[in-house]
Amino acid sequence: MEMESLRDLYIEELKDLYSAEKQLVRALPKMVKNATNPQLKEAFQNHLEETEGHVARLEEIFESLESSPRGKKCVGMEGLIEEASELLEEDAEDDVLDAGLISKAQHVEHYEMAGYGTVRTWAQTLGEDHHVELLEQTLQEEKNADRLLTQIAESGVNIDAEVGDEEEEEETPSRSRSAKRPAKRPARSTRKRASR
Ligand SMILES: [Fe+2]
């Protein structure tokens, strides 16, 4: 495809996102099935429904562009899904698998956020105001999904995964996100650890 203008690039990136969303619609049921934590299961299920909405929004955009969303494969999403599949093949303890699935899903969310942030901004430049609205809605849903996953990880899954192994119980609770949210983490982890 010839790329002569920002509009050409915009359409290519939209096709890429369309492929990414379609792949995700196929992959998420496996994540729902393999998640153990009920909150996580529900989050994946809800995001599957949202993702179907993301596909529909992109189809609406392509209709207004009188163009087809097909013809491009998002190899980035293919790789991210492949990584999640590899994790599912590991012999992982339930809580550890949940923590891993959250990580894989957050990689996906950030990948999509980068894509939607870009096309939303290009749509603004191109004067496609309705597209901006639609893309912004999807971007917000991806951000919310990412935030919810962080919450689920921090409120229990990471801790359960850590204490899942006897040897690790001796370790100092050092977690990457604890520095960012110091007020919440210590209270929860102390309570959880005390109960063990
Ligand atoms: Fe999406």
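Residues numbered from 1 in each chain as written. Predicted model: local features only at pLDDT ≥ 70, side-chain atom pairs only at ≥ 80, totals over all residues. Heavy atoms only, no water.

S.K.: Looking at this structure, how should I read the coordination of the iron ion?
M.R.: Working reference: metal with six octahedral donors, ideal angles 90 or 180 degrees; metal with four tetrahedral donors, ideal angle 109.5 degrees. Protein-derived ligands of the iron ion are Glu 21 (OE), Glu 21 (OE), His 54 (ND1) and Glu 142 (OE), with the metal-ligand distances lying across 1.9 to 2.5 Å. Around the iron ion, the four donor atoms sit at angles spanning 53 to 142°, and that spread fits a shape best called irregular. Counting along the primary sequence, the residues that act as donors to the iron ion give the motif E-x32-H-x87-E. Of this pair, Glu 21 sits in helix α1 (residues 6-34) while Glu 142 is found in helix α5 (residues 129-163), placing the two residues 121 residues apart along the sequence. Considered together, Glu 21 and Glu 142 belong to a single accessibility category, that of buried residues. (Donors = N, O, S within 2.8 Å, 3.2 Å for Na, K, Ca; no water. Tetrahedral: all angles 85-135°; square planar, octahedral: opposite > 155°, others 65-115°. Helix = DSSP H or I, 4+ residues; strand = E, 2+ residues; numbered from the N terminus. Buried < 20%, exposed > 50% of the residue type's maximum accessible area, 1.4 Å probe, protein only.)

S.K.: What am I meant to see in the confidence of the model for the protein chain here?
M.R.: Summarising the model, the protein chain shows a mean pLDDT of 87, and 83% of its residues fall at 70 or more. When pLDDT is averaged over each helix and strand of the protein chain, the minimum, 37, is found for helix α6 (residues 184-194) and the maximum, 98, for helix α2 (residues 38-64). Here residues 174-196 is a poorly scored stretch, pLDDT under 50, and it has 28 contacts once near neighbours within four places are set aside; other chains count. (pLDDT = per-residue confidence, 0-100. Contact = heavy atoms within 4.5 Å.)

S.K.: Before we go on, may I ask you to explain a negative patch on the surface in this structure?
M.R.: A cluster of acidic side chains, namely Glu 82, Glu 86, Glu 89, Glu 90 and Asp 91, defines a negative patch on the protein surface. Tracing the backbone shows Glu 82 in helix α3 (residues 75-89). (Patch = residues over 30% accessible without salt bridge, like charges linked within 9 Å, V, L, I, M, F, W, Y side chains within 5 Å. Areas by Shrake-Rupley, 256 points an atom, 1.4 Å probe, with all protein chains shown as cover. Salt bridge = Lys/Arg side-chain N within 4 Å of Asp/Glu carboxyl O. Lys, Arg positive; Asp, Glu negative; His and termini not counted. Charge placed at Lys NZ, Arg CZ, Asp CG, Glu CD.)

S.K.: Explain α5 here, please?
M.R.: Helical geometry note: an α-helix holds 3.6 residues per turn, so side chains three or four residues apart project in the same direction. Along its 35 residues, α5 runs 50 Å from first to last C-alpha, staying within 8% of the 51 Å computed at 1.5 Å per residue. The principal kink in α5, of about 55°, is found at Glu 154. (Expected span 1.5 Å × (residues − 1). Bend = angle between axes of the 7 residues up to and from the residue.)

S.K.: Sorry if this is basic, but what is going on with the packing of α1 against α5 here?
M.R.: At a minimum axis separation of 14 Å, α1 and α5 run at an interaxial angle of 40°. With respect to each other, α1 and α5 are oriented oblique. Judged by the twist between their axes, the crossing of α1 over α5 is left-handed. Contact residues: Tyr 10, Leu 14 and Glu 21 in α1; His 131, Leu 135, Thr 138 and Glu 142 in α5. Per-class residue counts for the contact of α1 with α5 are three nonpolar, two polar and two charged. (Axes fitted to C-alpha atoms, helices over the stretch in contact; angles between N-to-C directions. Parallel < 35°, antiparallel > 145°, perpendicular 65-115°, else oblique. Left-handed = near helix turned anticlockwise from the far one by under 90°. Nonpolar A, V, L, I, M, F, W, Y, C, P; charged D, E, K, R; others polar.)

S.K.: Would you mind going over the pattern of salt bridges with me for this structure?
M.R.: Oppositely charged side chains are able to pair whenever their charged atoms sit close together. Scanning the model with the defined rule gives six salt bridges in all. One salt bridge connects Lys 72 with Asp 16, and the closest N-O pair in it is separated by 3.2 Å. Placement of the pair is Lys 72 in the loop between α2 and α3 and Asp 16 in helix α1, with a sequence separation of 56 residues. In this structure Asp 16 comes out as buried when scored by relative accessible area, which is 12%. Residues Glu 141 and Arg 57 are paired through a salt bridge, measuring 3.2 Å at the closest nitrogen-oxygen approach. Linking Glu 141 in helix α5 with Arg 57 in helix α2, this pair joins segments that are 84 residues apart in sequence. Taking the relative accessible area as the measure of exposure, Arg 57 reaches 16% and is therefore buried.

S.K.: Please explain unusual backbone geometry as it appears in this structure.
M.R.: With the exception of glycine, the majority of residues adopt a negative phi angle, and the majority of peptide bonds are in the trans configuration. We note that Glu 66 has phi near 50°; this positive angle belongs to a residue other than glycine. Here Glu 66 is to be found in the loop between α2 and α3.

S.K.: I tried to follow the nonpolar core on my own but got confused; where do I start?
M.R.: Generally speaking, nonpolar side chains in soluble globular proteins are found buried as a group. Grouped together as the largest cluster of nonpolar side chains are 29 residues, with contacts concentrated most on Met 31, Leu 40, Phe 44, Met 77, Leu 101 and Ile 102. Sorting the residues of this core by element identifies α1, α2, α3, α4 (94-125) and α5 as the ones contributing at least two each. Among the nonpolar cores identified, the runner-up in size contains 18 residues, and Tyr 10, Leu 14, Ile 61 and Met 113 belong to it. (Core = buried A, V, L, I, M, F, W, Y, C linked by side-chain atoms within 4.5 Å.)

S.K.: Please explain the environment of Leu 101 as it appears in this structure.
M.R.: Examined against the element boundaries, Leu 101 turns out to sit in helix α4. In the structure, Leu 101 is positioned 67 residues away from Asn 34 in sequence and 8.7 Å away in space, judged by C-alpha atoms. Among residues more than four places away in sequence, those in contact with Leu 101 are Met 31, Asn 34, Ala 35, Phe 44, Leu 87 and Leu 88.

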